[in-house]
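Here are the chains, one letter per residue:
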Amino acid sequence: MYPFFLFTHNWLRWVVLVAGIIVVAFAWLGWLGKRSWGKRERIWGMIFNSSMDLQLLVGLLLYFVFSPLTTSAFGNFAAAMQNAAQRFFVVEHGVVMLFAAIFAHLGSVFSKKAADDRGRFRRSVIWYTLALVLVLAMIPWDRPLVRGM
Ligand code: HEM
């Protein structure tokens, strides 16, 4: 199961990234160009949030069940913290990505609650941009960009 979930986590990253870039581009274009909020903003917001949720789920499975990188750390947490590569996956990657998913959801919730389209775009700009920046910063780019099973 480990290779399957690692493969899925690897490829799902591209779905998250493409959806994130589109959602952030629509948010900025709408805000700066004073456009009206429509179906495409709603749909891409949903795709971004759903792909983040799925990625989070696969990440949690890797983290707690399948990944030798993290599960081996649970026995000796202090030693794992001394190793920068292991610490990245045991602490930094998971925690920051969790915040990214929360920010993406806040983008969706807050933009729905805004009084007008300008407010919807402004809130999307803030929360979706934050979420995308965190995702970009915490992807381990030194690992394979695509993976086979
Ligand atoms: C949107 C959120 C996330 C993205 C875009 C993402 C992306 C990635 C990528 C690209 C890798 C490298 C995969 C490879 O080497 O083929 C990776 C590894 C990993 N991720 Fe995530 N991740 C996210 C969220 C999470 C979360 C929330 C957790 C756990 C709490 C997590 C746990 C892991 C673990 C444990 C690995 C290392 C797996 C291993 O090599 O054994 N990820 N992640």
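The structure displayed is predicted, hence computed values, not measured ones.

Conventions we followed
- Residues numbered from 1 in each chain as written.
- Predicted model: local features only at pLDDT ≥ 70, side-chain atom pairs only at ≥ 80, totals over all residues.
- Heavy atoms only, no water.
- Near = heavy atom within 4 Å.
- Polar contact = N/O pair within 3.5 Å; in protein donor to acceptor, adjacent residues only side chain to side chain.
- Helix = DSSP H or I, 4+ residues; strand = E, 2+ residues; numbered from the N terminus.
- Nonpolar A, V, L, I, M, F, W, Y, C, P; charged D, E, K, R; others polar.
- Phe/Tyr/Trp six-rings, centres within 6.5 Å; stacked < 30°, edge-to-face > 60°.
- Buried < 20%, exposed > 50% of the residue type's maximum accessible area, 1.4 Å probe, protein only.

Chemist: I'd like to hear about the site of the ligand, residue by residue, with values.
Modeler: Taken together, 22 residues sit near the ligand, with Y2, H9, H93, R143 and R147 positioned nearest. Residue S67 places a side-chain N or O atom 2.5 Å away from an oxygen atom belonging to the ligand. For the ligand, an oxygen atom lies 2.4 Å from a polar atom in the side chain of R147. Among the secondary structure elements, those contributing two or more residues to the shell around the ligand are α1 (2-32), α2 (39-66), α3 (68-75) and α5 (84-113). Considering every element that reaches the shell around the ligand, the biggest residue donor is α2, with six residues. Per-class residue counts for the shell around the ligand are eleven nonpolar, eight polar and three charged.

Chemist: A description of the packing of aromatic side chains should follow, citing residues and the corresponding values.
Modeler: A ring pair, where both rings are aromatic, is described by two values, the distance of the centres and the angle of the planes. According to the stated counting rule, one finds 14 aromatic pairs in the structure shown. Judged by centre distance (6.4 Å) and plane angle (50 degrees), the rings of F7 and W11 are tilted. Here W11 and F7 lie together in helix α1, a separation of four residues that amounts to about one turn. Judged by relative accessible area, which is 24%, F7 ranks as partly exposed.

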